[in-house]
Amino acid sequence: MKLTQYFCFVVVLLLLQACSGFRTEIYREETFFRYNEACKLYKQGDYKAARSGLEEVIALDPDYGPAHAALGHMAQIDEDYPEALGHYQTAVATDPELETELQPYMMVASAHKEREPLHKAGVGLNQIYPLIMADRVAEAEALLAKDIPLQLLASDTMGITPGRLGELQRKIAETADPLNGSVRYRLFLGYLLFYGQIDDALAAVIINSVANEASGNNRQEALVVLGQLHERQGEANAAVDAYLDAVDAGLPMTDVAHHLARLFRKDIASILPPKEVPVEDAAPPEPMCIAISTHLPAALAPDLGSVSEARVFKISKRQGSRFTF
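Small disclaimer: the values here were computed from a predicted structure and weren't measured.

Let us now look at the overall build of the protein. The number of helices and strands found in the protein is 16 helices and zero strands. Per-residue burial over the protein gives 38% buried out of 325 residues. For the protein, the share of sequence-separated contacts (at least 6 apart) that also reach a separation of at least 24 residues comes to 65%. Entry remark: accessible area of the protein is about 19000 Å², with carbon and sulfur atoms responsible for 55%.

This next bit is on the packing of helix 13 (residues 216–232) against helix 15 (residues 257–264). Contact pair helix 13 / helix 15: the axes reach a minimum separation of 11 Å and the direction vectors enclose 20°. It follows from the interaxial angle that helix 13 and helix 15 lie roughly parallel. In this structure, helix 13 crosses over helix 15, and the sense of that crossing is left-handed. Of helix 15, the residues touching helix 13 (which contributes Val 224, Gln 228 and Glu 231) are His 259, Arg 262 and Leu 263. Of the residues that constitute the contact of helix 13 with helix 15, the class distribution is two nonpolar, two polar and two charged.

Here we come to helix 12 (residues 200–211). With 12 residues, helix 12 ought to run about 16 Å at 1.5 Å a step, and its terminal C-alpha atoms sit 16 Å apart, in line with that. By the burial criterion, the buried members of helix 12 are Asp 200, Leu 202, Ala 203, Ala 204, Ile 206, Ile 207, Val 210 and Ala 211. In this structure, the buried residues of helix 12 make contact with helix 10 (162–175), helix 11 (183–196) and helix 13.

Since the α-helix turns once every 3.6 residues, residues separated by three or four places project in the same direction. Where helix 15 is concerned, the buried positions are Ala 257, His 258, His 259, Leu 260 and Ala 261. Positive phi shows up at Arg 265, right after helix 15, with a value of about 55°.

Attention shifts here to the packing of aromatic side chains. One pass over the structure, following the stated rule, counts five aromatic pairs. Pairing Tyr 88 with Tyr 105 gives two aromatic rings, centres 6.2 Å apart and planes at 35°, and the pair type is tilted. Highlighted residues: Tyr 88 in helix 4 (residues 81–94) and Tyr 105 in helix 5 (residues 99–114), separated in sequence by 17 residues. According to the relative accessible area criterion, Tyr 105 is buried, its value standing at 11%. Ring geometry for Phe 194 and Tyr 195: centres 4.9 Å apart, planes at 65°, overall edge-to-face. Among the aromatic residues, those joined into a ring-pair cluster are Phe 32, Tyr 35 and Tyr 64.

Close contact between helix 14 (residues 236–248) and helix 15 brings their axes to 10 Å; oriented N to C, the two are set at 160°. Considering the angle they form, helix 14 stands roughly antiparallel to helix 15. Our pair here, helix 14 against helix 15, has a crossing hand that is left-handed. Residue-level inspection shows Ala 236, Ala 239, Val 240, Tyr 243 and Leu 244 of helix 14 in contact with helix 15, the latter providing His 259, Leu 260, Arg 262, Leu 263 and Phe 264. Tallied by class, the residues present in the contact of helix 14 with helix 15 amount to eight nonpolar, one polar and one charged.

With that out of the way, let us pick up the nonpolar core. One finds Ile 132, Leu 153 and Phe 188 to be the most contacted residues of the largest nonpolar core, which totals 50 residues. For this core, the secondary-structure elements that each account for two or more residues are helix 7 (125–133), helix 8 (137–144), helix 9 (150–154), helix 10, helix 11, helix 12, helix 13 and helix 14. Considering every element that reaches this core, the biggest residue donor is helix 11, with eight residues. For Leu 153, the contacting residues outside a window of four places in its chain are Leu 118, Val 123, Gly 124, Leu 125, Ile 128, Leu 144, Ile 148 and Phe 188. Among the nonpolar cores identified, the runner-up in size contains 14 residues, and Phe 32, Tyr 35, Tyr 42 and Leu 71 belong to it.

What counts, and where the lines are drawn
Residues numbered from 1 in each chain as written. Predicted model: local features only at pLDDT ≥ 70, side-chain atom pairs only at ≥ 80, totals over all residues. Heavy atoms only, no water. Helix = DSSP H or I, 4+ residues; strand = E, 2+ residues; numbered from the N terminus. Buried < 20%, exposed > 50% of the residue type's maximum accessible area, 1.4 Å probe, protein only. Contact = heavy atoms within 4.5 Å. Areas by Shrake-Rupley, 256 points an atom, 1.4 Å probe, with all protein chains shown as cover. Axes fitted to C-alpha atoms, helices over the stretch in contact; angles between N-to-C directions. Parallel < 35°, antiparallel > 145°, perpendicular 65-115°, else oblique. Left-handed = near helix turned anticlockwise from the far one by under 90°. Nonpolar A, V, L, I, M, F, W, Y, C, P; charged D, E, K, R; others polar. Expected span 1.5 Å × (residues − 1). Phe/Tyr/Trp six-rings, centres within 6.5 Å; stacked < 30°, edge-to-face > 60°. Core = buried A, V, L, I, M, F, W, Y, C linked by side-chain atoms within 4.5 Å.

Quick look at the structure:
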């Protein structure tokens, strides 16, 4: 009896293994069908139904990259940039071939996510431009008094056309008074000149004139920018003093170490103080990333493009997912 039961068990196991490829094919065809139907709804403008269809695709196959990419496009339409970026990153992680196509959309989503504080505050360079151009300083100061990062605003090239930005920077270079205006107003003017590289000498004078009046993050940021301005003018000693003043004002040394390493032509590890790590927890240090300012790309109209073509993947064994076979 036991031998018969064992034989039946082996037969059933062999049958299941023989059918596994057939079952995988059924699920793959179902994934392709549902994805193509969702793409049709997307192109017809029925975004609600398309989103529902794409979510069904992911429920069926969580690793189907094009469905995550399409959901990223839909989140971008809804101006939910953090969600869009998350979907794009998941799409690339599950299907690396999508990276080239999705890279421009990821850059736009990331840029919009970064400028979210400006969006929430309802402040952008387009709002500041007419006030400064018309010498309406009090109104500009009122906008800049809001809790927004001034450096982000000054470098927000997505919020204004290049022509208007150039006019604004030239106006400031011609009329700015380092001694007049509120602290945040003058810092903003100095940052605009810094990013525009219109007049580094004037920018340094403006920021230096208010650095000691500022406090907290404003003072720290102002001193770092002042150091960068001195660097661009070839004044290494003054740059070092500004960076170290920023540290004295409470900025972590890690935030200025790369500036100091560059000035002294030293390895960054020699600038940072050694960390005392227990032997059992010792691990190689993470590489330091240096943030740089770039011209942000204009928003792109989401288009599925080649993402809308269903992908045929080679069947491979995967673990950890109850949705795949």
